[in-house]
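Understanding the architecture of this molecule
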Amino acid sequence: MSKIKYISKLLKTKQITCTELTQKYLDSIAENKGLNAYVKITADEALKTAGAVDVKIERNEELMPLEGIPMSLKDNMSTKGIETTCCSKMLRGYIPIYDATVWEILKNQNAILLGKTNMDEFAMGSSCETSCFGGALNPHNKNHVAGGSSGGAAASVAANLAVYGLGSDTGGSVRQPASFCGLVGMKPTYGTVSRYGLIAYASSLDQIGPVASSVEDAAMVYDSISMYDSKDSTSRGRRELISDKLDASIKGMKIGIAEEYFEGINEEVRKSIDEALKVYEYLGAEIVQIELPQVKHALPAYYIIACAEASSNLGRYDGIRYGHKTGSYKDINDMICRTRSEGFGKEVQRRILLGTYVLSAGYYDAYYKKAQKLRGAIAGGFKKAFEECNVIIAPTVPTTAFELNFTSSDPVVAYMTDICTVPVNIAGLPAVSVPCGFDGKGLPIGMQLIGNAFDDAVIMNAAYQYEQQVKEKIYRQTGIGVIL
Ligand code: GLN
């Protein structure tokens with residue numbers, strides 16, 4: 001039984017009250033402050049909702065699937081009345097006056113929000129270390145990062161400081177930290193989960209997704225949060241629910257392997273994936289070799305498109321409407337310049353500069369337009385590949401979790417590590433990272449299952465079938481079998 005289902009059962013059978021459960025989680029968060037998973041604890045709200053859930057249980061009322069389950073939200077999702085900072089000095093003290101759609105949905109289900117989780121500033125990074133609060137540590141080994149940008153979300157779930165968390169994935173930010181922390185991280189098809197209230201980084205790539213201890217839990221969360229939302233102009237809604245498709249046999253399923261994804265991959269990662277493929281063969285799937293030559297262009301295309309969109313999206317932080325405003329200035333230009341220099345960290349400033357450059361007259365055609373053309377070619381490459389297979393398996397990250405400060409000296413080193421995650425964002429496809437082993441240091445390894453657009457249920461079905469075969473071997477070691 002998955003963790004969410006198990007805890008829900010404990011609540012329904014009155015083995016623990018929701019208030020006791022919530023208090024246990026709040027106590028563990030306090031004891032594990034050093035992990036830096038949370039940047040804000042919402043104890044009052046959590047206990048208030050827990051009390052309301054307890055009243056329902058007392059009255060023997062039916063509970064909704066995620067009702068009473070303690071969870072976390074990445075700090076770039078707007079929460080009415082609760083500070084939302086994007087882990088940037090620019091937004092410290094900012095209190096949204098509305099809820100992100102995902103949070104509105106979960107709030108209506110009486111989800112217990114324990115707090116807001118740490119992240120790279122404005123979700124720009126791969127280690128969580130660009131956060132103005134300092135990075136989140138990896139619960140498996142505190143000398144390593146939890147990953148980024150949703151590092152706090154992953155650390156909160158891996159250390160059992162939340163049952164599940166919501167992160168956002170623009171170029172890998174849900175899947176990469178999930179991979180580093182031995183968790184399941186799902187990046188849904190673009191448009192299936194509302195972006196309304198998610199503070200924008202690169203709008204054509206951003207997508208919210210769950211970080212959880214198992215495929216089943218991630219599927220339950222996806223089923224709850226995915227729906228059409230008229231407040232998000234790119235919302236499409238989901239094609240189907242996932243949870244009831246997990247059990248289906250994958251006999252005859254075609255799993256594509258593209259060598260392009262394995263160039264320069266760490267040996268231990270490669271070996272774990274080879275082992276996983278054997279499990280798939282045992283389950284009756286057919287492994288087929290496919291070609292995806294376009295993916296090698298994904299990284300440069302991503303960093304041009306993401307920076308271009310970021311430079312435009314972050315234009316709103318001008319010291320006038322909300323957020324940080326400089327103390328003293330000569331005139332309006334000076335005010336905006338000082339505000340932005342003080343409020344944004346180095347990495348965010350770098351990306352705004354890069355984005356402004358690639359969009360400027362004279363360079364637009366050479367960079368932005370070219371990147372958009374590549375985007376079309378990458379999407380076309382995947383489309384063709386999915387004529388030959390149902391799911392593509394690839395590494396999530398070329399390595400396991402980086403040591404602290406590994407990416408801080410050279411931004412390009414950090415960008416390169418996104419090589420396996422960015423292609424699906426560019427093409428708007430669904431992908432899920434599942435744990436598939438450990439390296440020699442005991443750090444988790446993740447494997448990525450990629451699907452055709454709106455085939456979210458297909459990848460989760462394939463992920464679940466694999467998980468059932470290996471969960472004893474892999475999950476026990478991660479400690480995520482621990483319930484309370
Ligand atoms: N690491 C990537 C970046 O820095 C992805 C971040 C994300 O998905 N938010 O842009």
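Here we summarise the structure given alongside this text. It should be emphasised that the depicted structure is a prediction, and the values quoted were computed from it without experimental measurement. The numbers attached to residues start from 1 for each chain and follow its sequence in the written order. Where local features are concerned, this predicted model is filtered to residues with pLDDT of at least 70; where side-chain atom pairs are given and counted, the filter is 80 or more; whole-chain, interface and lining totals use all residues. Side-chain descriptors were evaluated using all non-hydrogen atoms of the structure, hydrogens and water having been removed beforehand.

A closer look at the side chain of S2
Just so we agree on the cut-off: Segments assigned H or I by DSSP are reported as helices when at least four residues long, segments assigned E as strands when at least two residues long, and all are numbered from the N terminus. The buried label goes to any residue with under 20% of its type's maximum accessible area, the exposed label to any with over 50%, and the partly exposed label to all in between, with areas taken from a 1.4 Å probe on protein chains only. Any N or O atom pair separated by 3.5 Å or less is treated as a polar contact, with the protein-specific requirement of one donor-capable and one acceptor-capable atom, and with residues adjacent in sequence counted only for side-chain atom pairs. Only heavy atoms matter for contacts: two residues are in contact if any of them lie within 4.5 Å across the pair.
Looking at the element boundaries, S2 is found in the segment before α1 (3-12). For S2, a relative accessible area of 5% corresponds to the buried category. At a separation of 2.5 Å, a polar atom in the side chain of S2 contacts the side chain of D217. Ignoring anything within four residues of it in the chain, the contact list for S2 reads S214, E216, D217 and M220.

Re the pairing of strand β13 (residues 444-451)
Regular strands have side chains that alternate between both faces of the sheet. Rules: What makes two strands pair is DSSP finding at least two bridges between them.
Of all eight residues that make up β13, eight are buried, and the element is covered over most of its length. Judged from the five bridges that link them, strand β11 (residues 391-395) and β13 form a sheet pairing that is antiparallel. Residue pairing for β13: A394 is matched across the bridge by Q448. Two strands pair when backbone bridges link them, and strand β12 (residues 431-438) and β13 are joined in this way by seven bridges, in the antiparallel orientation. Bridged to P435 within β13 is G446. The turn linking β12 back onto β13 is made up of five residues, and G442 within it adopts a positive phi angle of 85 degrees.

Description of the packing of aromatic side chains
To be explicit about the condition: Note on aromatic pairs: the rings of Phe, Tyr and Trp (six-membered ring only in Trp) are paired at centre separations within 6.5 Å, and the planes decide the class, stacked below 30 degrees, edge-to-face beyond 60, tilted for the rest.
Overall, the coordinates contain 16 aromatic pairs when judged by the stated rule. By the ring-pair criterion, three or more aromatic residues cluster together here, those being Y94, F122, Y317, Y322 and F344.

Focus on helix α4 (residues 101-108)
For α4, the set of buried residues is T101, V102, W103, I105 and L106. With its phi angle positive at about 55 degrees, N110 sits one or two positions after the end of α4.

Let's talk about the sheet that holds β13
Pairing between sheet strands relies on hydrogen bonds along the backbone, with the strands arranged either parallel or antiparallel. Defined as follows: As a rule, the C-alpha atoms of each element are fitted with a line to give its axis, helices using only the stretch in contact, and angles between N-to-C directions run from 0 to 180 degrees.
Here 11 strands make up an open sheet; going across it, the order is β1-β3-β2-β6-β8-β7-β12-β13-β11-β9-β10 and the pairing mixed. Two strands close off the open sheet at either side, each with one partner strand: β1 (38-41) and β10 (286-290). Shown here is a sheet whose adjacent strand axes are inclined to one another by a mean of 30 degrees, direction ignored. Inspection of the sheet shows strand β9 (residues 254-258) paired to β11 by two bridges, in the parallel sense.

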